[in-house]
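Descriptive structure summary
Residues per chain are reported as follows:
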Amino acid sequence: MSTNIQSFAQYCKQIADGNAQTDHNSFTDAQIKTFINLAHQHRVLPLLMSDLYKRQLNMIVGDGAVKGPAHYQITNMRIKAQLIELDQHLASHNIKAVLIKGAIQLFEPLYPSLGMREMSDIDLLVLDRRFHSATADLGYQPKSPTMKDKTNRNGEHLLEWGHSHLTPIMRPNDIVT
């Protein structure tokens, strides 16, 4: 099997549909590494790994083992619990947050399993100026102490021209920003 983006996309769709028929023994090491790199870039590494683990192909890539499906399932369950807690807290302050991008799939699944999509952050659209003070109540702080948003005279956070995100925030024990 070639490792171009079209064949990769077809393979991922077959896995998601539950009918992947690929003979993994015919893959070269280079093809497997290319597929894993593509899967990571396109945030579908858990999807690919679910098929490889099903077929009992344990892969070592680079300096460590690629994580199995259970890791992504547990991680995404923790992220979902974090989102529910955050949403309830914001709602108690009458602050509306809209979930955007990848985290939507935690509540409106696009894949057969919650752990089939890799997640590294949570994107929210919030127009309420009280967002930072409300999240600070829960222990959220800038991901890096050296990263700070620009603020106006009133201390309100401002986006810089050409930027689409404020400084990432997180709590010390959470796994994503």
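Residues numbered from 1 in each chain as written. Predicted model: local features only at pLDDT ≥ 70, side-chain atom pairs only at ≥ 80, totals over all residues. Heavy atoms only, no water.

**As for the overall build of the protein chain**
In terms of helices and strands, the protein chain carries five helices and eight strands. When its helices and strands are written in sequence order, the protein chain yields α-α-α-β-β-α-β-β-α-β-β-β-β. Relative to its full complement of 177 residues, the protein chain shows a buried share of 37%. Contacts in the protein chain between residues far apart in sequence, at least 24 positions, make up 69% of those at least 6 positions apart. Here the protein chain has roughly 11100 Å² of accessible surface; of this, 52% comes from carbon and sulfur atoms. (Helix = DSSP H or I, 4+ residues; strand = E, 2+ residues; numbered from the N terminus. Buried < 20%, exposed > 50% of the residue type's maximum accessible area, 1.4 Å probe, protein only. Contact = heavy atoms within 4.5 Å. Areas by Shrake-Rupley, 256 points an atom, 1.4 Å probe, with all protein chains shown as cover.)

**Focus: the confidence of the model for the protein chain**
For residues with low pLDDT, the predicted coordinates do not support detailed interpretation. Mean pLDDT over the protein chain stands at 75; residues scoring 70 or higher make up 73%. Within the protein chain, the lowest mean pLDDT, 44, falls on strand S1 (residues 60-61), and the highest, 87, falls on helix H5 (residues 131-137). (pLDDT = per-residue confidence, 0-100.)

**Examining a nonpolar patch on the surface**
Together, Val98, Leu125 and Leu127 give the surface a local cluster of nonpolar side chains, amounting to about 310 Å² of exposed area. Note on placement: valine 98 falls in strand S3 (residues 97-100). With a relative accessible area of 38%, valine 98 lands in the partly exposed category. (Patch = residues over 30% accessible without salt bridge, like charges linked within 9 Å, V, L, I, M, F, W, Y side chains within 5 Å. Salt bridge = Lys/Arg side-chain N within 4 Å of Asp/Glu carboxyl O.)

**A look at helix H1 (residues 5-17)**
Taking 1.5 Å per residue as the helical rise, H1 with its 13 residues ought to reach 18 Å, and the 18 Å between its terminal C-alpha atoms agrees with that figure. Turning to H1, its buried residues are Ser7, Phe8, Tyr11, Cys12 and Ile15. Along the axis of H1, the buried positions cluster into a sector of 140°, meaning they face one direction only. The outward face of H1, more than 90 degrees from its buried face, is lined by the exposed residues Gln6 and Lys13. Phi turns positive, to about 80°, at glycine 18, one or two residues after H1. (Expected span 1.5 Å × (residues − 1). Arc of directions from axis to C-beta.)

**Looking at the nonpolar core**
Nonpolar side chains in soluble globular proteins tend to be buried together. Phe8, Val44, Leu47 and Leu48 are the most contacted members of the largest nonpolar core, which has 18 residues in total. Elements with a contribution of two residues or more to this core: H1, helix H2 (29-41) and helix H3 (45-54). It is H2 that provides the largest number of residues to this core, a total of five residues. When neighbours within four sequence positions are excluded, leucine 48 is seen to be in contact with Tyr11, Ile15, Phe35, Ile36 and Ala39. (Core = buried A, V, L, I, M, F, W, Y, C linked by side-chain atoms within 4.5 Å.)

**A few points about the packing of H1 against H2**
Packing of H1 against H2 brings their axes to within 11 Å, and their N-to-C directions diverge by 75°. Comparing their axes, H2 and H1 come out roughly perpendicular. Facing H1, whose interface residues are Ile5, Ser7, Phe8 and Tyr11, H2 presents Phe35, Leu38 and Ala39. Partitioning the contact of H1 with H2 into residue classes produces six nonpolar, one polar and no charged. (Axes fitted to C-alpha atoms, helices over the stretch in contact; angles between N-to-C directions. Parallel < 35°, antiparallel > 145°, perpendicular 65-115°, else oblique. Nonpolar A, V, L, I, M, F, W, Y, C, P; charged D, E, K, R; others polar.)

**Description of the pattern of salt bridges**
The tally for this structure, following the rule as stated, stands at three salt bridges. Put simply, arginine 171 and glutamate 85 hold a salt bridge, and the shortest N to O gap is 2.9 Å. Here arginine 171, found in the segment after strand S8 (169-170), pairs with glutamate 85, found in helix H4 (residues 69-92); they are 86 residues apart in sequence, far enough to count as distant. A salt bridge links lysine 101 to aspartate 123, with the shortest nitrogen-to-oxygen separation between them at 3.5 Å. Of the two residues, lysine 101 is situated in the loop between S3 and strand S4 (123-126) and aspartate 123 in strand S4; the sequence distance between them amounts to 22 residues. By relative accessible area, aspartate 123 is classed as buried at 8%.

**Points about the side chain of glutamine 82**
Within the secondary structure, glutamine 82 sits in helix H4. Here glutamine 82 falls in the buried class, since its relative accessible area comes to 7%. Beyond its immediate stretch of four places on either side in the chain, glutamine 82 contacts Ile122, Tyr140, Arg171, Asp174, Ile175 and Val176.

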